[in-house]
Amino acid sequence: NAGVTQTPKFRVLKTGQSMTLLCAQDMNHEYMYWYRQDPGMGLRLIHYSVGEGTTAKGEVPDGYNVSRLKKQNFLLGLESAAPSQTSVYFCASSWGGMNTEAFFGQGTRLTVV
Amino acid sequence: GENVEQHPSTLSVQEGDSAVIKCTYSDSASNYFPWYKQELGKRPQLIIDIRSNVGEKKDQRIAVTLNKTAKHFSLHITETQPEDSAVYFCAASSYGNNRLAFGKGNQVVVIP
């Protein structure tokens with residue numbers, strides 16, 4: 001079992017560019033999440049999904065879009081990157097929602113210049 | 001929404017001593033309280049969690065206590081070892097509320 005895998009691990013973008021972060025899990029979890037982690041801010045929820053074909057906004061959704069076309073994949077898109085989106089992004093999944101253990105990916109360090 | 005605060009932000013302890021990190025939460029409906037450990041450059045990993053129907057839970061050298069009346073919960077690490085050095089995040093959520101609110105993290109440094 002690979003668990004939760006994120007690609008890419010590192011990326012540098014220019015302001016205004018777009019990109020997609022891919023998250024894949026092989027644990028058959030229903031719930032998937034995207035967080036961002038900034039120094040001194042902890043983990044903040046961007047978007048989440050409670051099952052294939054569903055998405056919902058989290059705490060800081062502006063500037064991001066997501067899709068869950070397949071149960072095992074959760075994509076995070078940045079349409080027009082801004083320096084404020086420089087962060088470490090973590091994907092996570094769980095079997096039973098926010099009241100169950102979340103398994104995190106290894107993170108993607110994104111720098112927007 | 002739920003607001004989770006952690007204190008202190010940084011904690012240094014001598015190897016072998018105990019470490020205690022306290023978190024407070026604001027939503028009295030919260031009923032699930034996990035603790036995640038994040039080593040430098042690594043992913044967060046669950047180390048222990050507690051639900052509101054119990055007051056304490058132990059797992060070897062770590063324990064979590066919950067005071068629902070005061071709305072705070074604490075992580076206790078006994079006989080600290082260098083590998084306990086990490087950032088520890090507490091969090092809180094309530095059943096049916098699709099939001100797990102994280103604290104900002106505590107940096108624990110174990111001095112050999």
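So, here is what we can say about the structure in this document. None of these values were measured; they are calculated from a predicted model. (Residues numbered from 1 in each chain as written. Chains lettered and ligands numbered in written order. Predicted model: local features only at pLDDT ≥ 70, side-chain atom pairs only at ≥ 80, totals over all residues. Heavy atoms only, no water.)

## A closer look at the sheet that holds strand β8 (residues 72-77) of chain B
Residue and element names in this part refer to chain B.
(1) Moving on: The antiparallel open sheet is built from 5 strands, whose spatial order is β1-β3-β8-β7-β6. Lying at the two open borders of the sheet, with one neighbouring strand each, are β1 (4-7) and β6 (56-59). With strand direction ignored, the average angle separating the axes of adjacent strands in the sheet is 15 degrees.
(2) Moving on: Pairing geometry for strand β7 (residues 62-67) and β8, over 6 bridges, is antiparallel. The residue of β8 that forms the bridge with V64 is L75. (Pairing = 2+ DSSP bridges. Helix = DSSP H or I, 4+ residues; strand = E, 2+ residues; numbered from the N terminus. Axes fitted to C-alpha atoms, helices over the stretch in contact; angles between N-to-C directions.)

## Description of the interface of chain A and chain B
(1) Moving on: Each side of the interface is counted separately: chain A has 23 residues, and chain B has 20 residues.
(2) Moving on: On the chain A side of the contact with chain B, A:M98, A:N99 and A:F104 bury the most area, a combined 35% of that side's loss.
(3) Moving on: Inspection of the chain A/chain B interface yields 0 salt bridges.
(4) Moving on: Going through the elements one at a time, β4 (31-38) and β5 (42-49) of chain A are the ones with two or more residues in the side of chain A that touches chain B.
(5) Moving on: Of the residues forming the side of chain A that touches chain B, the biggest block, 4 residues, is contributed by β5(A).
(6) Moving on: The residue inventory of the side of chain A that touches chain B, partitioned by class, reads 12 nonpolar, 8 polar and 3 charged. (Contact = heavy atoms within 4.5 Å. Buried area = accessible area lost by both parts, 1.4 Å probe. Salt bridge = Lys/Arg side-chain N within 4 Å of Asp/Glu carboxyl O. Nonpolar A, V, L, I, M, F, W, Y, C, P; charged D, E, K, R; others polar.)

## Some details on the pattern of salt bridges
(1) Moving on: Taken as a whole and assessed by the stated rule, the structure comprises 7 salt bridges over all chains.
(2) Moving on: The salt bridge involving A:K71 is made with A:E30; its shortest N-O contact spans 2.9 Å. One end of the pair, A:K71, is in the loop between β7 (64-67) and β8 (73-78); the other, A:E30, is in the loop between β3 (19-25) and β4, and 41 residues separate them in sequence.
(3) Moving on: Looking at A:K71, the relative accessible area reads 19%, which means it is buried.
(4) Moving on: A salt bridge links B:K42 to B:E39, with the shortest nitrogen-to-oxygen separation between them at 4.0 Å.
(5) Moving on: With relative accessibility at 48%, the residue B:K42 sits in the partly exposed group.
(6) Moving on: Salt bridges sharing common partners tie together A:R36, A:D38 and A:R44. (Buried < 20%, exposed > 50% of the residue type's maximum accessible area, 1.4 Å probe, protein only.)

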